[in-house]
Amino acid sequence: MRLFVGLGNPGAKYANNRHNIGFMAVDEIARRQGFAPWRRRFQGATSEGTLEHEKVVLLRPATFMNESGRAVQEAANFFKLGAGEIIVFQDEIELPPAKVRVKVGGGIAGHNGLRSISAHIGNDYRRVRLGIGHPGVKELVHGHVLSDFAKSDRPWVEALCEAIADNAGLLASGRDSTFQNRVHLAMQTRGFFERDNGETV
C-alpha cells in the first residue's frame, strides 16, 4: 500500500498558488485514474484507488502547509505505513518550471511542508519535486510561491499534472526513475522542452 500526499494550502484563496501544485497533482491522479470521491479524514481529505495492483490512498492535508506533518502522521499511523511507503508531491523552486525529480530523503531546503512532515515521520519518505522556478532573489521566494501561476503557465502545469497522473502507477510500484523519464518524455512530446538541450521553452 502507498500513501500519496499532495502538499498545498486549503481554500479557494490559495487554489492556484504555485505552492499548491502538489494538490493539483493528486487531484489529477484521482480524476484520471478513477479514484473514489474525496472524503474528509486525517485532518484533510482522502481518495482511494488502485495503481499497478497497489492500493493507493491520496491525501490532501487541510492543516495548512506548515502543519502538513500532522495529517501525514495520522494517516500513516492508521494504515501502519513506514516512511518508505509515503510519496510526497511538493513544489520545488530549485528546479526549472515543469521539471520533475524524484528522490528519497535529503534536505528540506526551507520547504515548510517538508519540515513538518520530517518532524512527524522522519526523513526517509519519497519526494516528487515539481519545478516551479526561482524568482531569482531570495527575498522574493515567499511571494513567488504564494502567488498564482501566470496565465502563460497554465498549459505546462496542466500537461505536467496529466503526465504525472498517467504514470503514477510507476511510483506506486517503486519505479521512480522510469516515472521521471516518462513524465519528461510526455512533456517533451507536447513541446514543453527543446529536444537538444532539455531547456524549458
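See the structure shown above.
Small disclaimer: the values here were computed from a predicted structure and weren't measured.

Asker: Could you give me a rundown of the sheet that holds strand β1 (residues 2–6), with the residues and numbers involved?
Answerer: Ordered in space as β2-β3-β4-β1-β5-β7-β6, the 7 strands form an open sheet in which the pairing is mixed. Strand pairing shows two members of the sheet lacking a second neighbour, β2 (39–41) and β6 (100–104), which therefore form its edges. Adjacent strand axes in the sheet meet at a mean angle of 30 degrees, parallel and antiparallel pairs treated alike. Examined bridge by bridge, β6 and strand β7 (residues 126–131) share 5 bridges and lie antiparallel to one another. Each residue of the ladder has a partner; that of Arg101, found in β7, is Arg129. Its contacts with the sheet place helix α7 (residues 176–189) against β6 and β7, and it is angled at close to 170 degrees to β6.

Asker: Now, about helix α5 (residues 154–166): what can you tell me, with residues and values included?
Answerer: Compared with an ideal rise of 1.5 Å per residue, which puts 13 residues at 18 Å, α5 spans 18 Å between its outermost C-alpha atoms and is within 8% of the ideal. The set of residues buried in α5 consists of Trp156, Val157, Ala159, Leu160, Cys161, Ala163, Ile164 and Ala165. In this fold, the buried residues of α5 make contact with α1 (21–32), β5 (86–92), β6, β7, α6 (168–172) and α7.

Asker: Give me the lowdown on the environment of Leu3, citing residues and values where you can.
Answerer: Looking at where Leu3 falls in the secondary structure, it is placed in strand β1. In this structure, the C-alpha to C-alpha distance between Leu3 and Ser177, residues 174 residues apart in sequence, is 19 Å. Residue contacts for Leu3: discarding those within four places in its chain leaves Val57, Leu59, Val72, Ala75, Ala76, Leu81, Glu85, Ile86 and Ile87.

Asker: Describe the nonpolar core, with residues and values.
Answerer: Phe4, Ile29, Phe89, Val128, Trp156, Ile164 and Phe179 are the most contacted members of the largest nonpolar core, which totals 39 residues. The element that contributes the greatest number of residues to this core is α5, accounting for 8 residues. Apart from residues lying up to four places away in sequence, Phe179 is in contact with Val100, Val102, Val128, Ile164, Asn167, Ala168, Leu170 and Leu171. With 19 residues, the next largest nonpolar core counts Leu3, Phe42, Ala71 and Ala76 among its residues.

Cut-offs used in this document
Here the residue index of a chain counts from 1 through its sequence in written order. Per-residue local features are limited, in this predicted model, to residues with pLDDT of at least 70; the limit for side-chain atom pairs, both in listing and counting, is 80 or more; totals at the level of whole chains, interfaces and linings are taken over all residues. As a rule here, side-chain values come from all non-hydrogen atoms in the structure, and water together with hydrogens is ignored. When DSSP finds at least two bridges between two strands, those strands are taken to pair. Secondary structure is summarised from DSSP: a helix means a run of H or I of at least four residues, a strand means a run of E of at least two, and numbering begins at the N terminus for each. Structural elements are reduced to axes, namely lines fitted to C-alpha atoms, with helices fitted over the stretch in contact, and the angle between N-to-C directions of any two is expressed from 0 to 180 degrees. Contacts: residue pairs with any heavy atoms within 4.5 Å of one another. Any helix carries an expected span of 1.5 Å times its number of residues minus one. The buried label goes to any residue with under 20% of its type's maximum accessible area, the exposed label to any with over 50%, and the partly exposed label to all in between, with areas taken from a 1.4 Å probe on protein chains only. What we call a nonpolar core is a set of buried Ala, Val, Leu, Ile, Met, Phe, Trp, Tyr and Cys residues that are connected through their side-chain atoms within 4.5 Å.

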